Amino acid sequence: KNQVEQSPQSLIILEGKNCTLQCNYTVSPFSNLRWYKQDTGRGPVSLTIMTFSENTKSNGRYTATLDADTKQSSLHITASQLSDSASYICVVNSGGYNKLIFGAGTRLAVHP
Amino acid sequence: EPEVTQTPSHQVTQMGQEVILRCVPISNHLYFYWYRQILGQKVEFLVSFYNNEISEKSEIFDDQFSVERPDGSNFTLKIRSTKLEDSAMYFCASRSVQTDTLNTEAFFGQGTRLTVV
C-alpha cells in the first residue's frame with residue numbers, strides 16, 4: 001500500500017536553531033517527492049521538488065535530501081525564524097497529480 | 001504574484017443542504033483539482049479536471065459531488081446533499097500545461113472550511 005510517513009509528529013524549537021524533519025515512503029511507482037509548507041488555515045505552498053536522480057535541493061534556508069534507495073527524505077531548516085511555524089508536508093507523486101500521496105505532516109513551532 | 005483564490009473561506013451548512021465551493025484558478029492554467037483535508041487527517045485527492053471534463057476521480061468523489069467550470073474562470077465543487085462527514089477543508093489547485101507534466105508545480109488555494117451541522 002502506498003504510504004508516506006513523517007516524523008516527528010510535532011516539534012518545538014527556539015528561534016535561530018536548526019531542525020530536521022523526516023519522511024519515509026513506500027510508494028510505487030515513484031515520480032518525485034515534494035515538501036510543502038502549510039500555514040494554519042492556508043493551502044500548501046511548495047518548498048522543493050526532487051526527482052529520482054536528485055539527492056539534495058535547497059530553497060533559501062530549506063534544504064531537502066532524498067535517498068531513493070532507502071526511500072527516505074529529510075527537510076533541514078537552518079536558522080529558524082518565527083515565521084517558520086507551520087506544518088511541513090511530504091508528498092510523493094506516484095505518476096500524476098491525481099496520484100499525490102500526502103504525509104500527515106510535521107507541525108513545527110518556533111518559539112522566541 | 002498570481003494565486004488561486006477560493007470563496008468562501010468558511011461555510012457552515014445544515015446536513016442535507018447543497019453547497020457550492022468556488023475557486024478561481026490562475027488564469028493561464030488548464031488543469032484543475034479539488035482536494036480535501038478532514039481535521040487532523042491527511043490531504044486527500046477528490047477530482048482532477050481538464051478540457052472541461054473530469055479526468056480522474058477518487059472513491060470519495062461519489063454521486064453527491066460534481067464539478068464544473070461554468071464561465072471559463074471559476075471552477076466549482078458542488079456537494080448535493082451534505083453529510084456530517086463532509087466537514088473538512090477543501091482545497092482547489094491548478095497548474096499550467098507543460099511538456100514535463102509530472103514535475104510542473106500545482107498551486108493551491110487557501111482553502112474553504114466546510115462545517116456541516
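One structure accompanies this document, and this report is about it. Residue indices begin from 1 for each chain and proceed along its sequence in written order. Whichever chain is written first becomes A and whichever ligand is written first becomes 1, with later ones labelled in order. Totals for whole chains, interfaces and linings use all residues, but because this is a predicted model, local features are given only for residues with pLDDT of at least 70 and pairs of side-chain atoms are given and counted only at 80 or more. Remark: hydrogens and water are excluded; side-chain values derive from all non-hydrogen atoms of the structure.

1. Examining the state of the cysteines
- Put simply, a disulfide is two cysteine sulfurs that come within 2.5 Å. Enumeration according to the criterion identifies 2 disulfides over all chains in this entry.
- Sulfur-sulfur distance for the disulfide between C23(A) and C90(A) comes to 2.0 Å. When the S-S torsion is -65°, as for the bridge of C23(A) with C90(A), the disulfide is left-handed. Of this pair, C23(A) sits in strand 3 (residues 19–26) while C90(A) sits in strand 9 (residues 86–93), placing them 67 residues apart in sequence.
- Residue C23(A) is classed as buried on the basis of its relative accessible area, which comes to 0%.
- Taking the relative accessible area as the measure of exposure, C90(A) reaches 0% and is therefore buried.
- Residue C23(B) pairs covalently with C92(B) via a disulfide, S to S 2.0 Å. Judged by the torsion about the S-S bond (-65°), the C23(B)/C92(B) disulfide is left-handed. Secondary structure elements follow DSSP: runs of H or I no shorter than four residues count as helices, runs of E no shorter than two count as strands, and numbering proceeds from the N terminus. To sort residues, take the accessible area from a 1.4 Å probe on protein chains only and compare it with the maximum for the residue type: under 20% means buried, over 50% means exposed, and anything in between is partly exposed.

2. What about the sheet that holds strand 1 (residues 5–7) of chain B?
Residues and elements named next belong to chain B.
- Pairing is antiparallel across the open sheet formed by 4 strands, whose spatial order is 1-3-8-7. What marks the edges here is a single partner per strand, and that holds for strand 1 and strand 7 (65–68). Strand-to-strand twist across the sheet, computed as the mean angle between neighbouring axes with direction ignored, equals 20°.
- Note on pairing: two strands pair once DSSP finds at least 2 bridges between them. Bridge analysis of strand 7 against strand 8 (residues 75–79) gives 4 bridges, and the strand direction is antiparallel. Note on strand 8: the bridge partner recorded for S66 is K78. Convention adopted: a line fitted to C-alpha atoms gives each axis, helices being fitted over their contacting stretch, and angles between N-to-C directions are expressed from 0 to 180 degrees.

3. Quick word on the pattern of salt bridges
- In the sections that follow, a salt bridge refers to a side-chain nitrogen of Lys or Arg positioned within 4 Å of a carboxyl oxygen of Asp or Glu. Enumeration according to the criterion identifies 3 salt bridges over all chains in this entry.
- The partner of E54(A) in a salt bridge is K57(A), and the shortest N-O contact between them spans 3.0 Å.
- On the basis of relative accessibility, which here comes to 23%, the residue E54(A) falls in the partly exposed class.
- Look at K57(A) and you get partly exposed, because its relative accessible area is 27%.
- Between R36(B) and E44(B) there is a salt bridge, with the nearest N and O atoms lying 3.1 Å from each other.
- Taking relative accessible area as the criterion, E44(B) reaches 25% and is therefore assigned partly exposed.

4. A short note on the layout of surface pockets
- The definitions used throughout rest on a 1 Å grid laid over the protein atoms alone, on which a cavity is an enclosed set of points accommodating a 1.4 Å probe that cannot get out and a pocket is an open set flanked by protein within 12 Å on both sides along at least five of seven lines; lining residues are those having an atom within 4 Å of a point. Grid points are joined across faces, edges and corners, and a volume is the space filled by probe spheres set on the points. Its boundaries defined by the atoms lining it, the largest pocket holds a volume of some 560 Å³.
- Residue lining of the largest pocket: 26 residues in total, with S87(A), A104(A), R107(A), Q37(B) and G40(B) positioned closest to the centre.
- Secondary structure elements with two or more residues in the lining of the largest pocket: strand 1 (3–7), strand 9 and strand 11 (106–111) of chain A together with strand 9 (88–95) of chain B.
- For the lining of the largest pocket, the leading source of residues is strand 1 of chain A, giving 3 residues.
- Polar here means any residue outside two lists: the nonpolar Ala, Val, Leu, Ile, Met, Phe, Trp, Tyr, Cys and Pro, and the charged Asp, Glu, Lys and Arg; Gly therefore counts as polar. Each residue belonging to the lining of the largest pocket can be placed in one class, and the counts come to 7 nonpolar, 13 polar and 6 charged.

5. Points about the interface of chain A and chain B
- Throughout, a contact is declared for two residues whenever any of their heavy atoms are within 4.5 Å. In this assembly, 24 residues from chain A lie in contact with 20 residues from chain B.
- Taking both sides of the interface into account, the surface hidden between chain A and chain B amounts to around 1700 Å²; carbon and sulfur atoms contribute 54%.
- Counting across the chain A and chain B interface gives 0 salt bridges.
- Polar contacts, as counted here, are pairs of nitrogen or oxygen atoms within 3.5 Å of one another; within protein the pair requires one atom able to donate a hydrogen and one able to accept it, and residues that are adjacent in sequence qualify only if both atoms are side-chain atoms. Scanning the region where chain A abuts chain B turns up 3 residue pairs in polar contact (both at pLDDT 80 or more).
- Broken down by secondary-structure element, the contributors of at least two residues to the side of chain A that touches chain B are strand 1, strand 4 (32–38), strand 5 (45–51) and strand 10 (100–102) of chain A.
- The element contributing the most residues to the side of chain A that touches chain B is strand 4 of chain A, with 4 residues. Note on terms: buried area is the combined drop in 1.4 Å-probe accessible area of two parts once they are placed together, counting the loss on both.

6. A few points about the pairing of strand 8 of chain B
Residue and element names in this part refer to chain B.
- Buried residues dominate strand 8, accounting for 4 of its 5 residues.
- With 5 bridges joining them, strand 3 (residues 19–24) and strand 8 adopt antiparallel strand pairing. Within the sheet, the bridge partner assigned to R22 lies in strand 8 and is T76.
- The loop that links strand 7 with its antiparallel partner strand 8 comprises 6 residues; one of these, G72, has a positive phi angle of about 80°.

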